[in-house]
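# Working through the structure, step by step
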Amino acid sequence: MNWDDLKLVDAAARMRSLSGAARSLDISQPQLSRRLKNFEDRIGARLFDRTPTGLKPTEAGLRLIPLADDMRKNAEAASRILPDLSGSALKVVRVAVDEVRARVLSDRFAELTDLMQDIELELISSHLHVNHQSRSIELQIRNCLPETDTLIARKIGDLAYAVYGSARYVADNPAAHSDERYSACNWLGFAPDDLWYPSHMRWLETRLPDRPKLRSNTMTTLMNMTQAGVGLALLPVFMGDQNPALVRLTEPLPELTNAEHIIVHRDLRREPAVRTAMDAIATIYHSMAPLLQGRPPSVPLAAAE
């Protein structure tokens, strides 16, 4: 069933003539007559009798005409509120992030604000997988894919980790520069109830003789403790490389380089504000790709003379 077909029925019923119905729809009378007949042929019922005094609804027409009238009225109502819909559109986009992803976005705050235009962004701190069904947030950034088909994941980049120590600790512990670091140095680890860093915990368990005696569930705290000279730690390279008090002791670790995704509910992905926020975040990740992956930024090739 096509609303364009029902428009013909509604106009013919209201105008009681093919010529009047054609004028109301701004089409020619032969075109309206042909389309109306084709519609009657498809449904297998004649809707109007053509009489000398005009169109007269048949029994089938009397059943369909009220429904076509309701659809016209609803369409007109929708048209009336269309100019006001932009004012009720989403203006604030809430993004669930842990402190690492929050740092990525805050490091490019000015650029992100420009990309968001007049849309406000709220960063909601969360280490857990949020419930998108509750609509308490619109987006989440995380490194694992959703487990339900109601959510959509968009890859925005990669985030690498490496081993770091403070310049003072490394100077006092030369073993930090070799594989002896795993047995000869103090290590900082991850709290066992943290759901976001299981692969990092397993990586340490396979290399350290004992579990780290000092642990945290946030990367910011780990970096602060590392900077204080407590021991060595796994840190995101974009955080560690920008800290002048830290020394990177390994190359970015491929086994701990994870894809970053924006997670969004299917019903929200076409919301203009949500789409703008997703594009803005993806742009920030793209511009920070060398930093996030621990590689030097690409240098454009000079044109040959």
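Residues numbered from 1 in each chain as written. Predicted model: local features only at pLDDT ≥ 70, side-chain atom pairs only at ≥ 80, totals over all residues. Heavy atoms only, no water.

With respect to topology, 5 strands assemble into an open sheet ordered β4-β3-β5-β12-β6, the strand pairing being mixed. Looking at which strands have only one partner, the edges of the open sheet turn out to be β4 (120–125) and β6 (151–159). The sheet shows a mean angle of 25° between the axes of neighbouring strands, taken without regard to direction. The pairing of β6 with strand β12 (residues 258–265) spans 8 bridges and is antiparallel. By the bridge assignment, G157 is partnered in β12 with E260. Sitting on the sheet, helix α12 (residues 272–287) is in contact with β3 (92–97), β4, β5 (139–142), β6 and β12, with an inclination near 20° to β6. (Pairing = 2+ DSSP bridges. Helix = DSSP H or I, 4+ residues; strand = E, 2+ residues; numbered from the N terminus. Axes fitted to C-alpha atoms, helices over the stretch in contact; angles between N-to-C directions. Contact = heavy atoms within 4.5 Å.)

Before going further, it helps to spend a moment on helix α2 (residues 18–25). Taken as a whole, α2 has its buried residues at L18, G20, A21 and A22. Those residues of α2 that are buried lie in contact with α1 (3–15), α3 (29–43) and β2 (54–57). Between the side-chain oxygen at the start of α2 and the backbone nitrogen of G20 there is a gap of 3.0 Å, and the oxygen is on S17. Just past α2, the residue D26 takes up positive phi, approximately 60°. (Buried < 20%, exposed > 50% of the residue type's maximum accessible area, 1.4 Å probe, protein only. Polar contact = N/O pair within 3.5 Å; in protein donor to acceptor, adjacent residues only side chain to side chain.)

On to the nonpolar core, then. Counting 62 residues, the largest nonpolar core has L139, M219 and I281 as the members making the most contacts within it. Per-element accounting of this core gives the leading share, 9 residues, to α12. Counting residues in hydrophobic clusters, the runner-up holds 18 residues, among them L6, A11, L18 and L32. (Core = buried A, V, L, I, M, F, W, Y, C linked by side-chain atoms within 4.5 Å.)

Turning next to the environment of G229. With respect to the helices and strands, the residue G229 is situated in the loop between α10 (219–227) and β10 (233–236). Overall, the relative accessible area of 19% leaves G229 in the buried class. When the C-alpha atoms of G229 and R168 are compared, they prove to be 6.6 Å apart, with 61 residues separating the residues in sequence. Other than its neighbours up to four places away in sequence, G229 contacts S166, R168 and Y169.

Remember, this is a structural readout, not a statement about activity or role.
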